[in-house]
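# Remarks on the overall topology
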Amino acid sequence: MTQMETDKTSRRTFMKKSAALGIGISATPISTVGQQPDEHGHDERGVLSEKSQALLKRFNLKYPIFQAAPGGEELAVAVANSGGMGAISLSWDAPELAVDVVTRLRKATKGNFYANYVLHFEPNSLDQVLEAGCPNVQFSWGIPGKNVVAKIRNAGAGLGIQVSSRQNAERALEREPDFLICQGLEAGGHVQATSLLFPTLQAVLELAGDVPVLAAGGISTGHDIRNALNAGASGVILGTRLMATVESDAHDVYKSSLIDAGEDSTVYTICFNRDWNATHRVLRNKTFLDWEADGCPDTGNKPGEDDVVANHPDLGPALRYETVPPLQGHEGALDEMAMYAGQGVDKIYDLPSARELITRLWKEFENT
Ligand SMILES: Cc1cc2nc3c(=O)[nH]c(=O)nc-3n(C[C@H](O)[C@H](O)[C@H](O)COP(=O)(O)O)c2cc1C
């Protein structure tokens, strides 16, 4: 590396660290409820709203920090073992595989986790997964039918639904969920939201009553958590931030790209729509820039759309514009694949373990 590059890298790291530490961000403290530190010497219950405390109690959590759907099994176990809520995406797994995943997770952690289903796709493994003892199920991109909710309740499992507007929150609440996730436009991955997190959160909170609402989109630091909880959220969802951890199943190239990314690195687009035509937020890369330069053509006219950009021993070839991100095991032009990232990516500057990250964020939260 030349001296100039070194200077640029350290300046960039410093700027990202400053942003991550919340320099320049102010927040009002949440009033304490006067409880004593727990057996871990940890006093989060003393600084949380009653609704957040109820959420912790309901799901037996130490922190109101939920993993978003991606990241894989190892990350779900690490988050759950650290006192957060682990998550596993089961939308695209065959029932036998989904059952194996849930069985392994149940063995690997005494903590809690949920299975995520994107309702654009049929939740084919739901019955089997509930039978295997999946403790909680969460849906996005749709509202589950009454029969689906009945199955979940009969199995004794918890229910979460992602919403993105006052209108769909109203419908979701008819299903009497245990929690709502309110996603904002800042989010990485597939973005159901059409407006920014905080205005949507306010609108959803006005309807939610006692139902806890978790904030999703652009949350990377303890300061972000403080801002979300001050705004009335009972907890937060971390997607992109947790992808840049030791245990996440993201490929190292993807993790490095998240660390290097800056304020203007993400784009909200429909570029990577080969197998699911939905809006998403990714890092701008060669695939996106070539497609954009060509006038954002429809499928059939996209540049290089039949290119195999990478291969995976289990997942097989990945075509350009497919939705799969670079995962461990992928080989090829990994930085030309969909590298999902939320707007909080600018505040990611390192690759901690999930436990280190969660404890650090919580300290930042408490010190804000
Ligand atoms: C790599 C990646 C994959 C995602 N996959 C899913 C998914 O399978 N199902 C889903 O409901 N949301 C998915 N999301 C969106 C997250 O659930 C969440 O809304 C988002 O990550 C929050 O924003 P953040 O990334 O800025 O934290 C994904 C997000 C990322 C970054």
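Notes on the structure follow. Think of each chain on its own: its residues are numbered from 1, step by step along the sequence as written. Where local features are concerned, this predicted model is filtered to residues with pLDDT of at least 70; where side-chain atom pairs are given and counted, the filter is 80 or more; whole-chain, interface and lining totals use all residues. Excluding hydrogens and water, the side-chain figures rest on all heavy atoms present in the structure.

### A look at the sheet that holds strand β11 (residues 280-283)
- The three strands lie next to each other as β7-β11-β10, forming an open sheet whose pairing is antiparallel. Each edge of the open sheet carries a strand with a single partner, namely β7 (189-190) and β10 (266-269).
- A strand pair is defined by DSSP finding two or more bridges across the two strands. Runs of E in the DSSP output that reach at least two residues are strands. Runs of H or I that reach at least four are helices, and both are numbered from the N terminus. With two bridges joining them, β7 and β11 adopt antiparallel strand pairing. Its bridge partner lying in β11, His190 is registered against His280.

### Observations regarding the pairing of strand β8 (residues 213-216)
- Side chains Val213 and Ala215 project from β8 onto one buried face, and the interleaved Leu214 and Ala216 project onto a second face that is buried too.
- Sheet topology note: the strand β6 (residues 179-183)/β8 ladder contains four bridges and is parallel. Looking across to β8, one finds that Cys182 is bridged to Ala215.
- Of the strand pairs in this sheet, β8 and strand β9 (residues 235-238) are connected by three bridges, and their pairing is parallel. Directly across from Ala216, in β9, lies its bridge partner Ile237.
- Here a crossover is taken to be right-handed if, once the strands point away from the viewer, the path from the first strand over the helix to the second is traced clockwise. After leaving β8, the chain enters helix α10 (residues 222-230) and then returns to the sheet as β9, a path that is right-handed. Any residue under 20% of the maximum accessible area for its type is buried, any over 50% is exposed, and the rest in between are partly exposed; the area is computed with a 1.4 Å probe on protein chains only.

### Quick notes on the sheet that holds strand β14 (residues 331-332)
- Pairing in this open sheet of three strands is antiparallel, and the strands run β13-β12-β14 from one edge to the other. Each edge of the open sheet is held by one strand with a lone partner, namely β13 (316-319) and β14.
- Note: strand β12 (residues 308-312) against β13, four bridges, orientation antiparallel. Looking at the pairing, Val308 lines up with Leu319 of β13.

### Re the nonpolar core
- Ranked by internal contacts, the top residues of the largest apolar core, which has 74 residues, are Phe66, Leu90, Leu180 and Ile225.
- Top contributing element to this core by residue count: helix α14 (residues 354-367), with six residues.
- Aside from chain neighbours lying at most four places away, what touches Leu90 is Ala98, Val101, Val102, Ala115, Asn116, Tyr117, Ser125 and Val129.
- Listed in part, the 20 residues of the second largest apolar core include Met243, Ala250, Ala341 and Ile348. We call a set of buried Ala, Val, Leu, Ile, Met, Phe, Trp, Tyr and Cys residues a nonpolar core when their side-chain atoms join them within 4.5 Å. Any two residues whose heavy atoms approach within 4.5 Å at even a single point are treated as in contact.

### Section: empty space enclosed by the protein
- Here a cavity denotes a set of grid points, spaced 1 Å apart and computed over the protein atoms alone, in which a 1.4 Å probe fits but from which it cannot get out, and a pocket denotes an open set meeting protein on both sides within 12 Å along at least five of seven lines; residues with an atom within 4 Å of a point are reported as lining. Grid points are joined across faces, edges and corners, and a volume is the space filled by probe spheres set on the points. Under the criterion given, the structure shown has two cavities of 30 Å³ or more.
- If you add up the space inside the second largest cavity, you get close to 30 Å³.
- Gly is placed with the polar residues, together with every amino acid not listed as nonpolar (Ala, Val, Leu, Ile, Met, Phe, Trp, Tyr, Cys and Pro) or charged (Asp, Glu, Lys and Arg). Residues that form the lining of the second largest cavity fall into these classes: seven nonpolar, no polar and three charged.

### Some words on helix α5 (residues 95-108)
- Multiplying 1.5 Å by the helix residue count minus one yields the expected span of that helix. The end-to-end C-alpha distance of α5 is 20 Å, a good match for the 20 Å that 14 residues give at a rise of 1.5 Å each.
- On the buried face of α5, the contacting elements are α4 (73-81), β2 (85-89), β3 (112-118) and α6 (126-131).

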